[in-house]
Amino acid sequence: MKKLTLRIILSTLLVCAAASSANAQWSIGLRGGWNLTSITRSNAGRIDESYSPQSGFDVGIEGRYAFKNWVALRVDLNLMRRSHRMDRHLNYLEPVYTSHHNLYLMLPVTADFSFGGEHLRGHVLLGGYAGYWLRERREGTTYWMTDYYVYFNDFNEIREFNREDARFCAGVTGGLGLSYDINDHWALNIEALYYYDLTSHHRGYANLRDPRYLNTLSVNFGVSYKF
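Overview of the structure. (Residues numbered from 1 in each chain as written. Predicted model: local features only at pLDDT ≥ 70, side-chain atom pairs only at ≥ 80, totals over all residues. Heavy atoms only, no water.)

### Some details on the nonpolar core
Working step 1: The biggest cluster of nonpolar side chains holds eleven residues, and these are I39, M80, Y104, M106, L125, Y129, W133, C169, L193, Y195 and L214.
Working step 2: Contributions of two or more residues to this core are made by β4 (97–116), β5 (120–145) and β8 (186–197).
Working step 3: Per-element accounting of this core gives the leading share, three residues, to β5.
Working step 4: Residues in contact with I39, not counting those within four places in the same chain, are Y51, H84, H201, R212, Y213, L214 and N215. (Core = buried A, V, L, I, M, F, W, Y, C linked by side-chain atoms within 4.5 Å. Buried < 20%, exposed > 50% of the residue type's maximum accessible area, 1.4 Å probe, protein only. Helix = DSSP H or I, 4+ residues; strand = E, 2+ residues; numbered from the N terminus. Contact = heavy atoms within 4.5 Å.)

### Section: the packing of aromatic side chains
Two measures describe an aromatic ring pair: the distance that separates the ring centres and the angle between the ring planes.
Working step 1: Following the criterion strictly, the structure yields eleven aromatic pairs and no others.
Working step 2: On the numbers, 5.4 Å between centres and 15 degrees between planes, the contact of W144 with Y151 is stacked.
Working step 3: Ring centres 5.4 Å apart and planes at 85 degrees place the aromatic pair Y225 and F227 in the edge-to-face group.
Working step 4: Look at Y225 and you get partly exposed, because its relative accessible area is 27%.
Working step 5: You can call F227 exposed: its relative accessible area is 57%.
Working step 6: By the ring-pair criterion, three or more aromatic residues cluster together here, those being W26, Y65 and F67.
Working step 7: In this structure, R82 packs its charged tip against the face of Y104, placed 5.2 Å from the ring centre.
Working step 8: Positioned above the aromatic ring of Y97, the side-chain terminus of R85 is 3.9 Å from the ring centre. (Phe/Tyr/Trp six-rings, centres within 6.5 Å; stacked < 30°, edge-to-face > 60°. Lys NZ or Arg CZ within 6 Å of the ring centre and 35° of its normal.)

### Quick word on the pattern of salt bridges
A side chain with one charge may pair with a side chain of the opposite charge, provided their charged atoms come close.
Working step 1: Tallied over the full model, the rule gives 16 salt bridges.
Working step 2: Taking the shortest distance from any N to any O, the salt bridge between D48 and R88 comes out at 2.6 Å. A residue pair is termed long-range when its members are at least 10 positions apart, and D48 in the loop between β1 (25–41) and β2 (49–68) and R88 in strand β3 (residues 71–88) qualify at 40 residues. R88 shares its class with D48; the two are buried.
Working step 3: A salt bridge links R159 to E136; its shortest N-O distance comes to 2.6 Å. Pair noted here: R159 is in strand β6 (residues 150–159) and E136 is in strand β5, with a separation of 23 residues, a long-range link. Each member of the pair, R159 as well as E136, carries the same accessibility label: buried.
Working step 4: Where salt bridges share partners, they join R31, E62, R74, D76 and E191 into one cluster. (Salt bridge = Lys/Arg side-chain N within 4 Å of Asp/Glu carboxyl O.)

### Details of the side chain of R82
Working step 1: Tracing the chain through its elements places R82 in strand β3.
Working step 2: The buried category is assigned to R82, whose relative accessible area is 0%.
Working step 3: There is a polar contact of 3.3 Å between the side chain of R82 and the side chain of D197. (Polar contact = N/O pair within 3.5 Å; in protein donor to acceptor, adjacent residues only side chain to side chain.)

### Focus on the environment of Y196
Working step 1: Within the secondary structure layout, Y196 lies in strand β8.
Working step 2: For the pair Y196 and L217, spaced 21 residues apart in the sequence, the C-alpha separation amounts to 8.8 Å.
Working step 3: In this structure, Y196 is in contact with Y129, G171, V172, L214 and N215, ignoring residues within four places of it in sequence.

Right, dumping it as structure tokens:
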């Protein structure tokens, strides 16, 4: 998985380098927006559980180097909350659930292929990313049982990491965007990117493999300045 991600990033760099010209241009920008994250996980042994996506946010900075007017290399640094939810479905456990709010520092590297007119342009973004899991906050309702009663309790806590957690992640990303040049220096943009983890954030237990992959759709608005 890690080797595949490295090949994608290297291929991105080679494509951009091959298109290099004397008209190269730097730009920097700020962006932020909304995201929706789901988890891919086997249901083996957990027939009473279901998983659903939850919304989050991301905010960050970008650096862009345009080799020509149609191709550029972009490197971002984003703070991203990637959340999902687990629900229990036995009759007496219907109120039981856990929402996982994971905070990640993400470093996507993409090739930006653009097309269109002088001011309004479309963009196709392809590349890979690496990330680091900074924190997990959990909230929900848990339970305990006696001979006669089932008791429920709400919780909201910061979870401590352990040896089963894999805090580094890597994956592939791609998406579409629009940009509008206000003048020679300032531009506005909107884009949708999909982040697909190739690494599990759970290493598994000694006798049980339990890979868990996060998948995030991000919609961002931004402003950038061209030098």
